[in-house]
Amino acid sequence: QQQVRQSPQSLTVWEGETAILNCSYEDSTFDYFPWYHQFPGESPALLIAIRPVSNKKEDGRFTIFFNKREKKFSLHIADSQPGDSATYFCAASNSGGSNAKLTFGKGTKLSVKS
Amino acid sequence: ETAVFQTPNYHVTQVGNEVSFNCKQTLGHDTMYWYKQDSKKLLKIMFSYNNKQLIVNETVPRRFSPQSSDKAHLNLRIKSVEPEDSAVYLCASSSAGGALYFGAGTRLSVL
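> Looking at this structure, how should I read the interface of chain A and chain B?
Between chain A and chain B, the residue contacts involve 16 residues of the former and 19 residues of the latter. Both faces considered, chain A and chain B share a buried interface measuring about 1,600 Å² in area, 58% of it formed by carbon and sulfur atoms. If you look at where chain A meets chain B, you find 0 salt bridges. Taken together, the connections running from chain A to chain B amount to 4 residue pairs in polar contact (both at pLDDT 80 or more). Its residues placed into classes, the side of chain A that touches chain B shows 8 nonpolar, 5 polar and 3 charged.

Okay, structure coming up:
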């Protein structure tokens, strides 16, 4: 059973466009939703995260939109740059207690063309 | 420097051999993890340790065993490697409910 679903598998946008990456989850106890990016040859690194107390989180060109009712969240990358080309992973967890673990989506490979 | 450090970076071995990977974190986190990332980039959790106690043990083959001496160290031993064990093994740490910080990974190739 896949608890975190991510789409699309790959996405190509032109420089300056907004890239939209989507995720959905099943477990209603999940309360922590981060996005990681991974550049070729490197390990994943935290990009931005949100908790359900808010339905939007911004950090520069990166914005998470969260819809608790539909159990969906998305990452919007405004003014996409070639340097944003990477694989992006959404994830979700129940952050309470010592049993917290992060479940990752399968990733979206983003290519930004100039 | 505070981070997650893994050794070795690469390891090439033959089927049936035993291998060990080391991980140390200097972030002061209480929880450490081992993730496996396959050739399709899928990230799957293998083990999680909270302050030296195993708290998550996903259904990985018995030839894999985590070893922790204290909350800053979490090693991974593979007793008899199989070809399907070829992957990147990522160590990570986190504070309670916080973000994961990954090490650079150990790339294992099984011939």
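> I keep staring at the state of the cysteines and nothing clicks. Help me out?
In a disulfide, the sulfur atoms of two cysteines are covalently bonded to one another. If you walk through the whole model with that rule in mind, you get 2 disulfides over all chains. Across the disulfide, A:Cys23 is cross-linked to A:Cys90 (sulfur-sulfur distance 1.7 Å). Since a negative S-S torsion denotes a left-handed disulfide, the A:Cys23-A:Cys90 link at about -85° is left-handed. Of this pair, A:Cys23 sits in strand S3 (residues 19-25) while A:Cys90 sits in strand S9 (residues 86-92), placing them 67 residues apart in sequence. Accessibility assignment for this pair places A:Cys23 and A:Cys90 in one class, buried. Residue B:Cys23 pairs covalently with B:Cys91 via a disulfide, S to S 1.8 Å. On the sign convention where negative is left-handed, the bridge of B:Cys23 and B:Cys91, at about -80° about the S-S bond, is left-handed. In this pair, B:Cys23 is assigned in strand S3 (residues 19-25) and B:Cys91 in strand S9 (residues 87-94), connecting sequence segments 68 residues apart.

> Looking at this model, I keep getting lost on the environment of A:Asp79. Mind explaining?
All names here are of chain A. Examined against the element boundaries, Asp 79 turns out to sit in the loop between strand S8 (72-77) and S9. Under the relative-accessibility criterion, Asp 79 is labelled partly exposed at 39%. For the pair Asp 79 and Asp 27, spaced 52 residues apart in sequence, the C-alpha to C-alpha distance is 33 Å. Beyond its immediate stretch of four places on either side in the chain, Asp 79 contacts Gly 16, Glu 17, Thr 18, Arg 61 and Asp 84.

> Would you explain the packing of aromatic side chains in this entry?
Two aromatic rings, taken as a pair, are described by how far apart their centres are and by the angle between their planes. Residue and element names in this part refer to chain A. Applying the stated criterion to the full structure yields 16 aromatic pairs over all chains. When the centroid spacing of 6.3 Å and the interplanar angle of 55° are considered together, the rings of Tyr 25 and Phe 73 count as tilted. A residue pair is termed long-range when its members are at least 10 positions apart, and Tyr 25 in strand S3 and Phe 73 in strand S8 qualify at 48 residues. As far as the burial class goes, Tyr 25 and Phe 73 line up, both buried. Ring geometry for Phe 33 and Phe 73: centres 5.0 Å apart, planes at 55°, overall tilted. With a gap of 40 residues between them, Phe 33 in strand S4 (residues 33-38) and Phe 73 in strand S8 connect regions that are remote in the sequence. Taken individually, Phe 33 and Phe 73 each receive the classification buried, so the pair is uniform in this respect. Chaining the aromatic ring pairs together yields one cluster made of Tyr 25, Phe 30, Phe 33, Trp 35, Phe 66 and Phe 73.

> What's the story with the side chain of A:Gln6 in this structure? I'm lost.
Residues and elements named next belong to chain A. Position of Gln 6 among the secondary structure elements: in strand S1 (residues 4-7). Of the polar contacts made by the side chain of Gln 6, one reaches the backbone nitrogen of Cys 90; its length is 3.3 Å. Within the structure, Gln 6 has its side chain in polar contact with the side chain of Thr 108 (distance 3.2 Å). Residues within four places of Gln 6 in sequence aside, it is in contact with Asn 22, Cys 23, Trp 35, Tyr 88, Phe 89, Cys 90, Gly 105, Lys 106, Gly 107 and Thr 108.

> Help me understand unusual backbone geometry, please; the structure alone is not making it clear to me.
Excluding glycine, a negative phi dihedral is what most residues carry, and trans is how most peptide bonds are arranged. A cis geometry characterises the amide bond from A:Ser7 onward to A:Pro8, with omega recorded as -10°. Here A:Pro8 shows up in the loop between S1 and strand S2 (10-14). In this model, B:Thr7 is joined to B:Pro8 through a cis peptide bond whose omega is -5°. If you trace the backbone, B:Pro8 turns up in the loop between strand S1 (4-7) and strand S2 (10-13). In this structure, A:Lys71 takes a positive phi of about 55° despite not being glycine.

Rules behind the numbers
- Residues numbered from 1 in each chain as written.
- Chains lettered and ligands numbered in written order.
- Predicted model: local features only at pLDDT ≥ 70, side-chain atom pairs only at ≥ 80, totals over all residues.
- Heavy atoms only, no water.
- Contact = heavy atoms within 4.5 Å.
- Buried area = accessible area lost by both parts, 1.4 Å probe.
- Salt bridge = Lys/Arg side-chain N within 4 Å of Asp/Glu carboxyl O.
- Polar contact = N/O pair within 3.5 Å; in protein donor to acceptor, adjacent residues only side chain to side chain.
- Nonpolar A, V, L, I, M, F, W, Y, C, P; charged D, E, K, R; others polar.
- Disulfide = S-S within 2.5 Å.
- Helix = DSSP H or I, 4+ residues; strand = E, 2+ residues; numbered from the N terminus.
- Buried < 20%, exposed > 50% of the residue type's maximum accessible area, 1.4 Å probe, protein only.
- Phe/Tyr/Trp six-rings, centres within 6.5 Å; stacked < 30°, edge-to-face > 60°.

Geometric descriptors of this kind do not, in isolation, establish any biological role.
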